[in-house]
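Here is what each chain is made of, one letter per residue.
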Amino acid sequence: MTTWVLHTELSTDAVNLHLAALEAAGMLGIAEESGQARIYLPRHCADLPLTGRWEQVADLDWNEAWKAGIEPVTVGAVRIVPPWLAGDEGAAAVTLVIEPAQAFGTGHHETTTGCLAALQRLDLSGRRVLDVGTGTGVLALAAARLGAGEVVAVDTDPVAVATALGNGERNGLHLDVRHGSIEAAGAQTFDVVVANLDTATLVGLAAALPARLHDGGVLIAAGVSVQRQGEAVSALQAAGLAVGAHPGREWTLLMGRRASATPPASAEVPG
Ligand SMILES: C[S@@+](CC[C@H](N)C(=O)[O-])C[C@H]1O[C@@H](n2cnc3c(N)ncnc32)[C@H](O)[C@@H]1O
């Protein structure tokens with residue numbers, strides 16, 4: 001048997017957005033080098049929603065190749081390591097062991113690192129945090145380790161829910177992970193809502209977001225492409241949030257605040 005490799009120009013996280021199609025094609029595994037994912041498949045597939053250079057290689061231990069491509073990532077005080085590198089804590093104050101195989105959220109993607117950095121700019125001590133689109137659970141777990149008093153995570157993908165629960169156990173944290181979208185959080189309100197989604201999903205959920213925030217509560221939203229930033233900002237502003245946009249290389253991070261009944265000393269959106 002030989003193995004086919006599709007050399008893409010995308011990160012593993014970006015490739016994972018097409019996981020269903022790749023699994024249907026019998027994907028054997030993914031390896032990443034210099035931010036570019038190689039996808040291992042049992043055959044050449046012309047109908048994949050991904051492009052790149054195809055190569056036929058001798059059979060190999062693709063699982064080991066995939067593992068070799070995942071390195072720890074550090075964002076501020078938070079370091080994320082895969083299970084096979086557990087113990088490689090570096091100097092970080094918070095280390096999370098995240099199994100990246102089954103869902104989006106290895107910690108490497110620009111949208112995830114933006115959210116991790118934004119969470120660390122807030123004082124989460126004792127706060128209630130909602131993670132919408134939790135994937136591997138990476139942001140929810142980071143919030144819990146950064147001092148949040150209560151964290152609820154939701155995801156519409158049952159595989160992500162199972163992966164996030166597993167990563168909670170792996171890190172000795174019991175995560176409240178619920179299958180569904182924002183409605184799965186019930187009628188509770190939160191001090192912080194973090195939502196790393198895509199532009200269309202965020203715009204679709206915008207009207208429902210303020211009701212999930214306490215007065216003065218903060219929204220961290222990611223997954224918005226720089227080109228579609230205006231669309232997302234307008235939708236969140238129309239929903240009544242004050243919004244600040246922080247464009248990155250490819251993705252814009254949005255920070256929103258629900259107006260407080262009693263205005264805070266500074267009405268500035270945290271940046
Ligand atoms: C880009 S990933 C983010 C994963 C992780 N939070 C991170 O920051 O790396 C988006 C996740 O949102 C989930 N998702 C997509 N639409 C959703 C929706 N309407 N409500 C909740 N989750 C959704 C997907 O299944 C996926 O796991």
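Residues numbered from 1 in each chain as written. Predicted model: local features only at pLDDT ≥ 70, side-chain atom pairs only at ≥ 80, totals over all residues.

**Topic: the domain arrangement of the chain**
And step 1. As assigned here, the chain comprises domain 1 (2-68) and domain 2 (73-258).
And step 2. Inter-centroid distance (C-alpha atoms) of domain 1 to domain 2 is 27 Å.
And step 3. Contact with domain 1, which involves seven residues of that partner, is made by five residues of domain 2.
And step 4. A total of four residues in the side of domain 1 that touches domain 2 trace back to one element, the largest contributor, which is helix α1 (residues 12-16).
And step 5. Looking at side-chain class alone, the side of domain 1 that touches domain 2 contains two nonpolar, three polar and two charged residues. (Domains from an automatic or database assignment. Contact = placed C-beta atoms within 7 Å. Helix = DSSP H or I, 4+ residues; strand = E, 2+ residues; numbered from the N terminus. Nonpolar A, V, L, I, M, F, W, Y, C, P; charged D, E, K, R; others polar.)

**Considering the nonpolar core**
And step 1. Grouped together as the largest cluster of nonpolar side chains are 64 residues, with contacts concentrated most on L119, A142, A143, V193 and I220.
And step 2. Ignoring sequence-local partners within four residues, the contact set of I220 consists of C115, A118, L119, V192, V194 and M255.
And step 3. Formed by 12 residues, the second largest nonpolar core is a distinct cluster that contains A14, L22, I30 and A31. (Core = buried A, V, L, I, M, F, W, Y, C linked by C-beta atoms within 7 Å. Buried ≥ 20, exposed ≤ 12 C-beta atoms within 10 Å, placed from the backbone.)

**Points about helix α4 (residues 110-120)**
And step 1. Within α4, eight of the 11 residues are buried, which leaves it mostly tucked inside the rest of the structure.
And step 2. Within α4, the full set of buried residues consists of T111, T112, T113, G114, C115, L116, A118 and L119.
And step 3. Buried residues in α4 make contact with β5 (73-75), β6 (78-81), α5 (138-145), β11 (190-196), β12 (213-225) and β14 (251-258).

**Topic: the site of the ligand**
And step 1. In the neighbourhood of the ligand, 21 residues make up the surrounding shell, with G105, G133, G135, S181 and N196 lying closest.
And step 2. Residue assignment for the shell around the ligand shows that the elements contributing at least two residues are α4, α5 and β9 (150-155). (Near = placed C-beta within 6 Å.)

**A look at the pairing of strand β10 (residues 176-179)**
And step 1. With four bridges connecting them, β9 and β10 associate as parallel partners. Residue pairing across strands places D155 opposite H179, the latter belonging to β10.
And step 2. Tracing the backbone out of β9, into helix α6 (residues 158-170) and back to the parallel element β10 gives a crossover that is right-handed. (Pairing = 2+ DSSP bridges. Right-handed = clockwise from strand over helix to strand, strands pointing away.)

**Describing the environment of D215**
And step 1. Relative to the helices and strands, D215 resides in strand β12.
And step 2. The spacing of D215 and E231 is 16 residues in sequence and 24 Å in space, taken between C-alpha atoms.

**What to know about the sheet that holds β5**
And step 1. The three strands are arranged β5-β6-β7 in an open sheet whose pairing can be described as mixed. Each having just a single partner strand, β5 and β7 (94-97) make up the two edges of the open sheet. The sheet shows a mean angle of 20 degrees between the axes of neighbouring strands, taken without regard to direction.
And step 2. As paired elements, β6 and β7 share four bridges and run parallel to each other. Counterpart to R79 in the pairing with β7 is T95.
And step 3. Across the sheet, α5 is in contact with β6 and β7; its angle to β7 comes to roughly 145 degrees. (Axes fitted to C-alpha atoms, helices over the stretch in contact; angles between N-to-C directions.)

**Describing the environment of P100**
And step 1. Of note, P100 is situated in the loop between β7 and α4.
And step 2. For P100 and T113, which are 13 residues apart along the polypeptide, the C-alpha to C-alpha distance reads 15 Å.
And step 3. Not counting chain neighbours up to four residues away, the residues in contact with P100 comprise I70, P82, G105, T106 and T136.

**Some thoughts on the sheet that holds strand β2 (residues 29-33)**
And step 1. One open sheet accounts for four strands, arranged β2-β3-β1-β4; its pairing is antiparallel. The open sheet terminates on both sides in strands that have one partner only, identified here as β2 and β4 (53-58). Averaged over all pairs of adjacent strands, the angle between their axes in this sheet comes to 25 degrees, without regard to strand direction.

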